[in-house]
Amino acid sequence: MISKTITAFFDSYEDASEAVRRLEAAGVSRGDISLIANNEGDRYSSHASRTFDGTNHHDDDVSDGAGTGATVGTLAGGGAGLLAGLGMLAIPGLGPVVAAGWLVSTLVGAGAGAAIGGLTGALVDAGVDENDAHAYAEGVRRGGALVTVRASDTEVDRIVDILDDEGTVDFDERENTWRSEGWTGAGATTASTTATGATGLTDRASSTARDTDEVIPVAEEELHVGKREVNRGRVRLHSRVIERPVQEQVTLREERVAVERRPVSGSTQAGAISGDPFQERTIEVEERGEEAVVSKEARVVEEVVVRKEADQRTETISDTVRKTEVDVEDDRNIRSTGTTGNPSDRTR
């Protein structure tokens, strides 16, 4: 009895197809395996043997039963293995993909061959949690590949071991990376996805046959204290020149030449005067004097020094952080015990 849907995400079609080969080699029925990979730029078109659009088909479509008017079951299967039935189609809001397996029957309409539902709706119809389905669709839109396996409870561990091999992406970590970059999960679904009217998208909310999860997020705040520099004011030094009057006394010497005529008494006898008194002569006497000479000498009498000194201090920051606490009150009267399959269970 099929009760669980197991999903594994890969970065490329090559890694996903290798996982499909491992599953088939381990005896998992190809009717329970599905593969969807992003085909932007027709990078994987060479691996496809058909086109699921009702108009364009490769030469081997007729022999594989994928011609116009074929049933959805025929489109999804056939061939020596799952990958032999790989085909191309366009998913609204997602773009071109290559796909094979049972999930294709949800993505295309019977007989019409046109994609009528988004990948999110197909995964939810298959029992995958809606939030997880949005994340897987985002992963394929970003260029990845998704392998989906239907399994019974007894097969789950074995299939998980096969898928959890080289090439499998830690999807929880990948999803957290997208959210840190601004992806918002289900809220990021494009308008074209919902506008195409996938019945799985509109009807699944009212379905009573499927369990729904009500989620209360448990959040807790952490206090992070950092540091930043702030301006506490400044000290400015500005030098200017001022003048003040000063006085000093200095003694100066002045010379003056005095000329006087004085009479000579008595008679001058010849020979009393040396030389010839009638000889022409010139006497020159120079007056000299002193004047004040001013000079200035600059000398440093004081220094004004400015420097910065840094001190450290410890400051205690007080604040409050919030935390969500959930109280569970269980008033059920349990009459019997048992185990039932939950189609929304999945293994990443």
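Our structure is the block above this text.
Parameters at a glance
Throughout this description, residue numbers start from 1 for each chain and increase along the sequence as written. Local features are withheld for residues below a pLDDT of 70 in this predicted model, meaning they are given only at 70 or higher, and side-chain atom pairs are given and counted only at 80 or more; totals for whole chains, interfaces and linings count all residues. Water and hydrogen atoms were dropped before computing side-chain values, which therefore reflect all heavy atoms in the structure. The numbering of helices and of strands both runs from the N terminus, where a helix is a DSSP run of H or I of at least 4 residues and a strand a run of E of at least 2. Relative accessibility decides the category of a residue: with a 1.4 Å probe and only protein chains considered, values under 20% of the type maximum give buried, values over 50% give exposed, and everything between is partly exposed. The contact criterion used throughout is that any non-hydrogen atoms of two residues lie within 4.5 Å. Per-residue and other accessible areas follow the Shrake-Rupley method at a 1.4 Å probe size, with only the shown protein chains counted as cover for residues. A 1.4 Å probe that fits into a set of points on a 1 Å grid over the protein atoms alone but cannot get out defines a cavity; an open set with protein on both sides within 12 Å along at least five of seven lines defines a pocket, and lining residues are those with an atom within 4 Å of a point. Grid points are joined across faces, edges and corners, and a volume is the space filled by probe spheres set on the points. The residue classification treats Ala, Val, Leu, Ile, Met, Phe, Trp, Tyr, Cys and Pro as nonpolar and Asp, Glu, Lys and Arg as charged. All others, Gly included, are polar. If DSSP finds at least two bridges between two strands, the strands pair. Each helix should span, by expectation, one fewer than its residue count multiplied by 1.5 Å. The rule for a salt bridge is simple: a side-chain nitrogen of Lys or Arg has to be within 4 Å of a carboxyl oxygen of Asp or Glu. Nonpolar side chains (Val, Leu, Ile, Met, Phe, Trp, Tyr) within 5 Å and like charges within 9 Å form the patches, drawn only from residues with over 30% relative accessible area and no salt bridge. Axis angles are defined between N-to-C directions and span 0 to 180 degrees, where every axis is a line fitted to C-alpha atoms and, for a helix, only to the segment in contact. Angles below 35 degrees are treated as roughly parallel, those above 145 as roughly antiparallel, those between 65 and 115 as roughly perpendicular, and all remaining angles as oblique. A crossing counts as left-handed when the near helix is turned anticlockwise from the far one by less than a right angle, and as right-handed when that turn is clockwise. The definition of a nonpolar core used throughout is a set of buried Ala, Val, Leu, Ile, Met, Phe, Trp, Tyr and Cys residues joined through side-chain atoms within 4.5 Å.

1. Some thoughts on the overall build of the chain
Alright, step 1. From N to C terminus, the chain includes 10 helices and 6 strands.
Alright, step 2. A buried classification covers 31% of the 348 residues belonging to the chain.
Alright, step 3. Across the chain, contacts joining residues at least 24 apart in sequence account for 76% of those joining residues at least 6 apart.
Alright, step 4. As displayed, the chain has an accessible area near 25,700 Å², and 45% of this comes from carbon and sulfur atoms.

2. A closer look at the layout of surface pockets
Alright, step 1. Considering only enclosed or pocket space, the largest pocket measures out at about 920 Å³ in volume.
Alright, step 2. Residue lining of the largest pocket: 15 residues in total, with Lys227, Arg228, Arg232, Asp311 and Arg313 positioned closest to the centre.
Alright, step 3. Looking at the lining of the largest pocket residue by residue, the class counts come to 4 nonpolar, 2 polar and 9 charged.
Alright, step 4. Taken as a whole, the second largest pocket spans an internal volume of roughly 670 Å³.
Alright, step 5. What lines the second largest pocket is simply Val241, Ile242, Glu243, Arg244, Val246, Val294, Ser295, Lys296, Glu297, Ala298, Arg299 and Val301.
Alright, step 6. The class makeup of the residues in the lining of the second largest pocket is 6 nonpolar, 1 polar and 5 charged.

3. Side note on the sheet that holds strand β4 (residues 87-91)
Alright, step 1. Pairing is mixed across the open sheet formed by 6 strands, whose spatial order is β1-β6-β2-β5-β4-β3. The two strands at the open ends of the sheet, each matched to only one other strand, are β1 (4-10) and β3 (50-51).
Alright, step 2. In terms of strand pairing, β1 meets strand β6 (residues 145-151) through 7 bridges, oriented antiparallel. The residue of β6 that forms the bridge with Ala8 is Val147.

4. Quick word on helix α1 (residues 13-25)
Alright, step 1. The first and last C-alpha atoms of α1 sit 18 Å apart over 13 residues, in line with the 18 Å expected at 1.5 Å per residue.
Alright, step 2. Listed in full, the buried residues belonging to α1 are Tyr13, Ala16, Ser17, Ala19, Val20, Arg22 and Leu23.
Alright, step 3. Among the residues trailing α1, Gly27 stands out with phi positive, at a value near 95°.

5. So, unusual backbone geometry
Alright, step 1. One non-glycine residue, Asp42, adopts positive backbone phi at about 55°.
Alright, step 2. Within the fold, Asp42 resides in the loop between β2 (33-38) and β3.
Alright, step 3. The class for Asp42 is exposed, based on a relative accessible area of 51%.

6. Looking at the pattern of salt bridges
Alright, step 1. Taken as a whole and judged by the stated rule, the model has 12 salt bridges.
Alright, step 2. Notably, a salt bridge pairs Arg253 with Glu255, separated by 2.7 Å at the nearest N-O pair.
Alright, step 3. For Arg253, a relative accessible area of 48% gives the class partly exposed.
Alright, step 4. For Glu255, a relative accessible area of 25% gives the class partly exposed.
Alright, step 5. Across the pair Arg313 and Glu315 runs a salt bridge, and its minimum N-O distance is 3.0 Å.

7. A short note on a nonpolar patch on the surface
Alright, step 1. Together, Ile216, Val218, Val326 and Val328 make up a nonpolar patch on the protein surface, roughly 410 Å² of accessible area in all.
Alright, step 2. Among the structural elements, Val218 can be located in the segment after α10 (199-203).
Alright, step 3. For Val218, a relative accessible area of 59% gives the class exposed.

8. Side note on the packing of helix α6 (residues 130-141) against helix α8 (residues 171-180)
Between two packed helices, the angle of one axis relative to the other and the distance separating the axes together describe the packing.
Alright, step 1. For the pair α6 and α8, the least separation of the axes is 11 Å and the interaxial angle reads 80°. It follows from the interaxial angle that α6 and α8 lie roughly perpendicular. The residues of α8 that touch α6, namely those facing Ala135, Tyr136, Glu138 and Gly139, are Phe171, Glu175 and Trp178.
Alright, step 2. Among the residues forming the contact of α6 with α8, the class breakdown is 4 nonpolar, 1 polar and 2 charged.

9. Here's the deal with the environment of Asp170
Alright, step 1. Within the secondary structure, Asp170 sits in the loop between α7 (156-163) and α8.
Alright, step 2. For Asp170, a relative accessible area of 47% corresponds to the partly exposed category.
Alright, step 3. Put simply, Asp170 and Phe9 are 161 residues apart on the chain and 7.9 Å apart in space, counted from C-alpha to C-alpha.

10. Topic: the packing of α1 against α7
Alright, step 1. The N-to-C vectors of α1 and α7 enclose an angle of 140°; their axes lie 9 Å apart at closest approach. Taken together, α1 and α7 sit at an angle that is classed as oblique. Once α1 is placed against α7, the crossing between them reads as right-handed. Listed contacts from α7 to Ala19, Arg22 and Leu23 of α1 are Ile159, Ile162 and Leu163.

11. Observations regarding the nonpolar core
Alright, step 1. Ranked by size, the top nonpolar core spans 29 residues in total, and within it Ile36, Leu89, Leu103, Leu119, Leu123 and Val140 carry the most contacts.
Alright, step 2. Elements with a minimum of two residues in this core: β4, β5 (95-101), α4 (104-107), α5 (119-125), α6 and α8.
Alright, step 3. Here the element with the most residues in this core is α6; it accounts for 5 residues.
Alright, step 4. What Val140 contacts, discounting residues up to four positions off in sequence, is Phe9, Ile36, Ala37, Asn38, Leu94, Val97, Leu119 and Leu146.
Alright, step 5. Membership of the second largest hydrophobic core comes to 28 residues, among which are Val28, Ile33, Ala48 and Val149.

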